[in-house]
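Residues per chain, in single letters:
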Amino acid sequence: ETGMHVRRIGLFAAEMARLLGWDLKGVDTIQSAAPMHDIGKIGVPDAILQKPSALTEEEWVTMKRHTTMGATILKGSAVPFIQMGARIAIGHHEKWDGSGYPKGLRGEAINLEARITALLDVYDAVSNRRHYKESWPEDRVVALIRKGSSTHFDPQLVDLFLTNLDNFRAIL
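How each quantity is defined
Residues numbered from 1 in each chain as written. Predicted model: local features only at pLDDT ≥ 70, side-chain atom pairs only at ≥ 80, totals over all residues. Heavy atoms only, no water. Helix = DSSP H or I, 4+ residues; strand = E, 2+ residues; numbered from the N terminus. Phe/Tyr/Trp six-rings, centres within 6.5 Å; stacked < 30°, edge-to-face > 60°. Buried < 20%, exposed > 50% of the residue type's maximum accessible area, 1.4 Å probe, protein only.

### What about unusual backbone geometry?
And then number 1: That bond from tyrosine 101 to proline 102 is cis: its omega, 15°, falls within 30 degrees of zero.
And then number 2: Note on placement: proline 102 falls in the loop between helix H6 (80-91) and helix H7 (112-127).
And then number 3: Although it is not a glycine, serine 150 sits at a positive phi angle of roughly 75°.
And then number 4: Assignment of secondary structure puts serine 150 in the loop between helix H8 (138-148) and helix H9 (155-163).

What follows is the structure, given as structure tokens:
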């Protein structure tokens, strides 16, 4: 499932970039970069990644480090999609209202490619079965995304996503 998840994230991100009017180079770049959003999880123990129940506070602290570990792994490259991957890795758990991590950034202080990936990562995660949860029906997924507009997610991206849900559903 992890391999399919990262593939879908790239395709979803490319579709969102296309809908935002990005040029082909930008669309290709985010399609290659977005799948690296969780690369820092290679530094998280399998016992945490594969735990079938809720994480303890200490485990959650370890899990949150995947954002900074991912950015560290990817930093310093001259390759544009790897540079974007580093920005996505560090920012994809920030939230529009500032309640995310690792820096507590809010609104447009969060880079656009990370805001895109954050929305699409949640969409894919709840829409598909994981070892610790079942997939959700689409109406519940859409309700979660609507509820997260202006708190978790960029409201303009939510509107664009919901207006074009058929495109994302086809990729899913």
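There is more to say, and it comes next.
### Topic: the packing of aromatic side chains
And then number 1: A full pass over the atoms with the stated rule returns five aromatic pairs.
And then number 2: Relative to tyrosine 123, the ring of phenylalanine 12 has its centre 5.4 Å away and its plane inclined at 65°; by these criteria the two rings are edge-to-face. Residue phenylalanine 12 is found in helix H1 (residues 2-19), and its partner tyrosine 123 is found in helix H7; the two are separated by 111 residues along the sequence.
And then number 3: Overall, the relative accessible area of 0% leaves phenylalanine 12 in the buried class.
And then number 4: When its relative accessible area of 1% is taken as the criterion, tyrosine 123 is described as buried.
And then number 5: On the numbers, 4.8 Å between centres and 40° between planes, the contact of phenylalanine 161 with phenylalanine 168 is tilted.
And then number 6: The class for phenylalanine 168 is buried, based on a relative accessible area of 0%.

By themselves these figures say nothing about function.
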